[in-house]
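The lines below spell out each chain.
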Amino acid sequence: MTRDTPDPSGNPFYEYEIVTLDRCRATYDDDQATMVFEWLKHEGRAGGRALPRQHDTRSDPWVGTPFQHRMMVDGRWQVVDAVRFSSWVGVVRTPCGAQIEILPKTGNDRGADRKAAPANTRRQFIQMLACLPEMQHIRHPLRALVDTQMDMPLGDIFLSAFLHSVAGLLGRGMRRDYVRHEDNLPTLRGRLCMAAQMRHNLIRRDRFYTRHDEFSANRAENRLIHTALLRVLEMAGTDANHSLTRRLLVAFDGVPLSTDIARDMELVRHERDMHYYHEALSWTVFILNDLFPLTARTRKNTDTQHEAAFMLFPMECVFEKAVAVALATQMPQGYRLEEQFTSRHLVTCLPKAGQEPEQRFSLRPDMVVLQPDSRTVCMVLDTKWKRPVPDASVPLAFRDSWINQSDMYQMKAYGDNYLNEGNGPVVLVYPRTNNFITASQPFIFNSADGTVADMEDRLQLWLVPFCLDRHILVLPDADGKAEKDMPPAENAPRPLDFGQFITDTPARRYQLGLDMGRAD
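Residues numbered from 1 in each chain as written. Predicted model: local features only at pLDDT ≥ 70, side-chain atom pairs only at ≥ 80, totals over all residues. Heavy atoms only, no water.

Engineer: For this particular structure, what's the right way to read the overall build of the protein chain?
Structural biologist: Each helix and strand counted, the protein chain has 14 helices and 20 strands in total. With 520 residues in all, the protein chain has 50% of them scored as buried. Summarising the internal contacts of the protein chain: among those between residues at least 6 apart in sequence, 66% fall at separations of at least 24. Here the protein chain displays about 26100 Å² of accessible surface, and carbon together with sulfur accounts for 48% of that area. (Helix = DSSP H or I, 4+ residues; strand = E, 2+ residues; numbered from the N terminus. Buried < 20%, exposed > 50% of the residue type's maximum accessible area, 1.4 Å probe, protein only. Contact = heavy atoms within 4.5 Å. Areas by Shrake-Rupley, 256 points an atom, 1.4 Å probe, with all protein chains shown as cover.)

Quick look at the structure:
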């Protein structure tokens with residue numbers, strides 16, 4: 001997006017949102033809205049598979065096939081063309097130069113503050129994104145931006161993070177090295193090369209062919225950053241980013257541009273005293289490898305015959321990694337959290353003569369909690385990037401219709417195969433929304449005879465929200481109150497933290513609403 005393009009930050013698109021021409025006009029001017037919408041329909045008809053290279057393994061489209069949508073227009077019901085985004089979130093630059101910003105669906109939740117929602121959702125998404133291994137470099141530069149610049153579009157926030165990482169690098173000093181030069185100079189500098197002197201200056205006594213070392217900033221790392229800054233200057237969408245880019249370019253004035261980017265990337269040295277270059281270089285790789293849409297050299301998609309640039313992330317993977325990273329820091333002493341744990345299979349195929357039995361259909365929960373000093377699983381967790389119930393106050397008897405039945409079967413299979421004797425907690429983790437603010441009483445799977453006797457020793461399915469602001473599981477207190485509803489008194493019951501939820505079996509039973517006296 002160029003600097004003259006209308007700023008779409010106040011009205012971004014959301015995951016799974018239905019997009020019409022009128023919706024595009026709320027973000028762009030009329031001409032650009034028409035071009036953006038027509039391109040979205042073209043992408044949808046082509047399968048919407050023009051996805052970034054780092055996610056080529058996923059085959060689901062980022063935008064769906066165009067369809068007819070019935071909506072109210074000027075007080076009358078009309079049928080209009082529409083497309084719908086999927087669960088890919090991030091930034092797209094269209095062939096006309098417009099920036100499409102797609103934010104997580106949690107920002108489009110009912111009851112959300114429409115003015116504050118975009119900034120809050122960007123902050124939550126960036127904090128989750130920083131948990132991905134390939135995006136670790138965005139964590140530290142964005143600390144200074146999280147509370148001050150979230151009103152900018154997502155693409156400009158990333159550009160600002162890159163510029164601040166370069167500014168921090170310069171604050172610690174640009175790295176220089178001794179670079180060897182051979183040149184025919186008017187003064188003697190360094191060592192005189194006798195053979196070259198005789199060959200070039202036999203009749204020129206005013207010249208000296210020398211070999212000398214020069215303390216210079218002409219390093220591969222600096223050349224790459226200088227080249228990336230020039231790319232950013234062309235596409236800086238805000239005056240602040242444009243001004244900061246120009247100031248940084250002045251500091252790189254004596255550094256030549258990279259003429260062979262691939263070669264210079266091979267020459268980058270990851271030395272101990274170069275650690276402060278890491279964040280800026282990580283952003284530089286994104287920019288120069290055309291992985292960042294605002295600065296990418298648009299490339300033609302053979303399926304759609306359009307040029308566009310993408311930086312999209314599947315929210316299911318982003319949410320799963322954010323939950324895993326957060327919970328790994330909240331484990332009780334000795335307990336371990338493992339991701340994508342696979343040690344069980346659903347069935348065993350009977351072997352043929354002379355062959356070994358074959359395990360089929362591996363069971364791979366997103367996370368398991370292992371007991372200290374053992375490989376025994378004491379809790380199974382699986383993340384779901386969706387809304388489980390319309391309201392946490394819905395009576396338990398009516399809540400089964402709001403939960404995906406396949407999720408119930410999946411967690412039952414995990415519990416029966418991974419937990420000791422099939423008893424214990426299995427947890428479905430959902431994003432916290434205004435309609436799902438705290439965990440409530442769990443489901444108890446029936447015993448083999450169909451009864452629920454001794455329910456404290458049965459397999460328990462918990463539906464637990466994950467707070468995207470504080471990165472914690474939101475568990476109720478013993479009275480079932482959510483954290484935000486608790487009184488401020490010092491003796492007020494506090495919610496269980498994740499460590500207590502794992503280790504404190506009596507407290508967990510108390511939260512089940514069981515009669516603890518009955519066990520006596």
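The structure having been displayed, the exposition proceeds.
Engineer: Where do I start with the side chain of T121 in this structure?
Structural biologist: Following the sequence through the fold, T121 ends up in helix α3 (residues 117-129). Setting aside chain neighbours within four positions, we find T121 in contact with Y14, L103, P104, T106 and G107.

Engineer: So what exactly am I meant to see when it comes to the state of the cysteines here?
Structural biologist: Two cysteines whose sulfur atoms are joined by a covalent bond form what is called a disulfide. Overall, the coordinates contain zero disulfides when judged by the stated rule. Between C96, a free cysteine, and C24, which holds the nearest cysteine sulfur, the sulfur-to-sulfur gap is 10.0 Å. (Disulfide = S-S within 2.5 Å.)

Engineer: Which parts of the structure should I look at to understand the sheet that holds strand β2 (residues 18-19)?
Structural biologist: In sheet architecture, strand pairing relies on hydrogen bonds along the backbone and comes in two forms, parallel and antiparallel. A sheet is described by the order of its strands in space; here three strands give the open sequence β2-β4-β3, paired in antiparallel fashion. Pairing within the sheet leaves two strands with one partner each, and these edge strands are β2 and β3 (67-73). Those strands touched by helix α2 (residues 30-45) are β2 and β4 (76-84), and its axis lies near 60° from that of β4. (Pairing = 2+ DSSP bridges. Axes fitted to C-alpha atoms, helices over the stretch in contact; angles between N-to-C directions.)

Engineer: Would you explain the sheet that holds strand β7 (residues 177-185) in this entry?
Structural biologist: Taken together, three strands build an open sheet; the order of strands is β7-β9-β8 and the sheet is antiparallel. For this open sheet the edge positions go to β7 and β8 (191-192), each flanked by a neighbour on one side alone. The sheet contact formed by β7 and strand β9 (residues 208-216) spans nine bridges and is antiparallel. Within the sheet, the bridge partner assigned to H181 lies in β9 and is H212.

Engineer: In this structure, what is going on with the pairing of strand β19 (residues 459-467)? I would like to understand it.
Structural biologist: Remark: a regular strand shows side chains that alternate across the two faces of the sheet. For β19, a buried count of nine out of nine residues is recorded, marking the element as mostly surrounded by other parts of the structure. Burial along β19 is two-sided: L459, L461, L463, P465 and C467 and Q460, W462, V464 and F466, pointing in opposite directions, are all buried. Note: strand β17 (residues 424-431) against β19, eight bridges, orientation parallel. Paired with V426 across the strands is L461, a residue of β19. One ladder, built from two bridges, connects strand β18 (residues 443-444) with β19; its direction is antiparallel.

Engineer: Can you help me understand the packing of helix α6 (residues 220-235) against helix α9 (residues 278-288) in this one?
Structural biologist: The packing of two helices is summarised by the inter-axis angle and the distance between the axes. It is at 9 Å that the axes of α6 and α9 come closest, and there the two elements cross at 55°. It follows from the interaxial angle that α6 and α9 lie oblique. With respect to the hand of their crossing, α6 and α9 are arranged in left-handed fashion. For the pair α6 and α9, contact is made by E221, L224, I225, T227, A228, R231 and V232 and by A280, L281, T284, I287 and L288, respectively. Residues that form the contact of α6 with α9 fall into these classes: eight nonpolar, two polar and two charged. (Parallel < 35°, antiparallel > 145°, perpendicular 65-115°, else oblique. Left-handed = near helix turned anticlockwise from the far one by under 90°. Nonpolar A, V, L, I, M, F, W, Y, C, P; charged D, E, K, R; others polar.)

Engineer: Would you mind showing me how to read the pairing of strand β5 (residues 88-93) here?
Structural biologist: Counting buried residues in β5 gives six out of six residues, a clear majority hidden from the surface. Across four bridges, the pairing between β5 and strand β6 (residues 99-103) is antiparallel. If you follow G90 over to β6, its bridge partner there is I102. Hairpin connection between β5 and β6: a loop of five residues separates the two successive antiparallel strands, and G97 in this loop has a positive phi of roughly 95°.

Engineer: Would you mind showing me how to read the nonpolar core here?
Structural biologist: Buried together is how nonpolar side chains tend to be arranged in soluble globular proteins. Core analysis: the biggest nonpolar cluster contains 80 residues, and F162, I225, L229, V369, L381 and F498 have the highest contact counts within it. Looking at this core element by element, the count peaks at nine residues for helix α4 (residues 154-172). Not counting the four nearest positions on each side in its chain, F162 is found in contact with A228, L229, V232, A280, W283, T284 and I287. (Core = buried A, V, L, I, M, F, W, Y, C linked by side-chain atoms within 4.5 Å.)

Engineer: I tried to follow helix α7 (residues 239-251) on my own but got confused; where do I start?
Structural biologist: Spanning 13 residues, α7 covers 19 Å between terminal C-alpha atoms, matching the ideal 18 Å at 1.5 Å per step. Within α7, the full set of buried residues consists of N241, H242, L244, T245, L248 and L249. Looking down the long axis of α7, one finds its buried residues gathered within 165° of arc, a one-sided arrangement. Exposed residues on α7 whose side chains face more than 90 degrees from its buried face are D239, A240, R247 and V250. Among the structural elements, α4 and α6 are those in contact with the buried residues of α7. (Expected span 1.5 Å × (residues − 1). Arc of directions from axis to C-beta.)

Engineer: Looking at this structure, how should I read a nonpolar patch on the surface?
Structural biologist: A contiguous nonpolar surface patch, about 280 Å² in accessible area, is contributed by L188, L192 and M194. Secondary-structure assignment places L192 in strand β8. Residue L192 is classed as partly exposed on the basis of its relative accessible area, which comes to 30%. (Patch = residues over 30% accessible without salt bridge, like charges linked within 9 Å, V, L, I, M, F, W, Y side chains within 5 Å. Salt bridge = Lys/Arg side-chain N within 4 Å of Asp/Glu carboxyl O.)

Engineer: Can you walk me through α3 in this structure?
Structural biologist: Here α3 is 13 residues long and its end C-alpha atoms lie 18 Å apart, about the 18 Å a rise of 1.5 Å per residue gives. Within α3, eleven of the 13 residues are buried, leaving the element largely enclosed by the surrounding structure. Among all positions of α3, only A117, P118, A119, T121, R122, R123, Q124, F125, I126, M128 and L129 are buried.

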